[in-house]
Amino acid sequence: MVHGDIQRRDANLRLGAAVAEIEGLYTALLKTTSPGRRRRLRAELSRAAERLAGLAAAPGPGRGALPAAPRRSRRARRKALAERGAAWIIARYGRNAR
């Protein structure tokens, strides 16, 4: 296996773990009724979304910044979806939310 493949797999695993963390926090937020716990979960969700946005924005192994051309690879589509999801969560549950 080429070293770039290992790095790419590692990046995909990190993205998957970050998305799973957000899904778990969001599910917990939907199911909780305690106002204090909701507040803590929203703060954790916001931090997790910021981490995901950072991971998704990082260039892949052996690549510079993302090209302006439409993203076509599976990894690029996953990154774009992760960026969009993280932006939505930050906008909805970010620090400025009530």
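Structure first, text after, so check above.
Residues numbered from 1 in each chain as written. Predicted model: local features only at pLDDT ≥ 70, side-chain atom pairs only at ≥ 80, totals over all residues. Heavy atoms only, no water.

Engineer: How do you make sense of helix α3 (residues 74-93) when you look at a structure like this?
Structural biologist: An α-helical turn contains 3.6 residues, so a residue and the one three or four places further along point in the same direction. In this model, α3 (20 residues) spans 28 Å end to end at C-alpha, consistent with the 28 Å of a helix rising 1.5 Å per residue. Of the positions making up α3, those classed as buried are Arg75, Ala76, Lys79, Ala82, Ala86, Ile89 and Tyr93. Taken end-on, α3 shows its buried residues confined to a sector of 155°, consistent with a single buried face. Set apart from the buried face of α3 by more than 90 degrees, the exposed residues are Leu81, Arg84 and Ala91. (Helix = DSSP H or I, 4+ residues; strand = E, 2+ residues; numbered from the N terminus. Expected span 1.5 Å × (residues − 1). Buried < 20%, exposed > 50% of the residue type's maximum accessible area, 1.4 Å probe, protein only. Arc of directions from axis to C-beta.)

Engineer: I'm lost on the nonpolar core in this one. Help?
Structural biologist: Nonpolar side chains in soluble globular proteins generally cluster together in the buried interior. In terms of nonpolar packing, the biggest core is built from 15 residues, with Ile22, Leu45, Leu52 and Ile89 touching the most fellow members. Elements supplying a minimum of two residues to this core: α1 (3-31), α2 (35-57) and α3. At 6 residues, α2 tops the list of elements feeding residues into this core. What Ile22 contacts, discounting residues up to four positions off in sequence, is Leu45, Ala48, Ala49, Leu52 and Ile89. (Core = buried A, V, L, I, M, F, W, Y, C linked by side-chain atoms within 4.5 Å. Contact = heavy atoms within 4.5 Å.)

Engineer: Whenever I open this one, α2 confuses me. Can you help?
Structural biologist: With 23 residues, α2 should cover 33 Å at 1.5 Å per step; its first-to-last C-alpha distance of 33 Å lies within 8% of that length. Regarding α2, the residues found buried are Leu41, Leu45, Ser46, Ala48, Ala49, Leu52 and Ala56.

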